[in-house]
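Close look at the chain arrangement
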Amino acid sequence: MTAIYDQALTAVRDTIAGLTLTRIATNEMVVRKLPANPSMWNRGITVSPESSRIDDAEPSESTNERDMMGYPCIVTMVDGTGQGWADNISNITQWQQNIRRAFHNKRISGLSETGSNHVICKVTHNKLADPKAYPENLDVSQLIVWVWVLEIRSN
């Protein structure tokens, strides 16, 4: 069975692919280990894990049989022609808005683990992972889609 975190990453990518976003093809929306290659940014939308930030919720948010776990899915949006500082700036802000509205305080489909229940998603902004994009005249923005799940407690 696929790990719940892998399922969350794929579900976030699939939900984004189902949105009507301008100037981006479905094949430019991918799940990758990292939001960018070491030498360059990937145009499009990348969903990547941030496993060092997996969060246990407060004990009061758990139940007798399940623990609340938050899985951060980093959504990196890269656009721009690389030709100017103001080209198509409205495009990435529209992506941000549409993605935030699709997830914040909502459930997503595609999560299945016996005994676990998907509770809700929350969206927060993330700091730019690498400022190298600025000299390249690219628009780069990141959101974190937190997928909260009540997972069956291990014995």
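The coordinates are above.
Scope of this entry: the structure provided in the associated data block.

What counts as what
- Residues numbered from 1 in each chain as written.
- Predicted model: local features only at pLDDT ≥ 70, side-chain atom pairs only at ≥ 80, totals over all residues.
- Heavy atoms only, no water.
- Phe/Tyr/Trp six-rings, centres within 6.5 Å; stacked < 30°, edge-to-face > 60°.
- Helix = DSSP H or I, 4+ residues; strand = E, 2+ residues; numbered from the N terminus.
- Buried < 20%, exposed > 50% of the residue type's maximum accessible area, 1.4 Å probe, protein only.
- Expected span 1.5 Å × (residues − 1).
- Contact = heavy atoms within 4.5 Å.

Describing the packing of aromatic side chains
Taken as a whole and assessed by the stated rule, the structure comprises two aromatic pairs. Measuring from centroid to centroid gives 5.0 Å for Tyr5 and Tyr71, while their planes differ by 40 degrees, and the two rings are tilted. Here Tyr5 is found in helix H1 (residues 4–17), whereas its partner Tyr71 is found in strand E4 (residues 66–79), with 66 residues between them in sequence. The same class applies to Tyr5 and to Tyr71, which are both buried. The interplanar angle of 20 degrees and the centroid separation of 5.8 Å between the aromatic rings of Trp146 and Trp148 together place this pair among those described as stacked. Comparing Trp146 with Trp148, the two get one shared label, buried.

Section: H1
With 14 residues, H1 should reach 20 Å at 1.5 Å per residue; the first-to-last C-alpha distance of 20 Å fits that figure. Looking at the buried positions of H1, the neighbouring elements they touch are strand E1 (29–31), strand E2 (44–49), E4, helix H2 (89–103) and strand E6 (139–152).

Things to note about unusual backbone geometry
The phi angle at Arg23 is positive, at roughly 60 degrees, despite the residue not being glycine. Note that Arg23 resides in the loop between H1 and E1. We classify Arg23 as partly exposed; its relative accessible area is 41%. The residue Asn105 is not glycine, and still its phi comes out positive at about 60 degrees.

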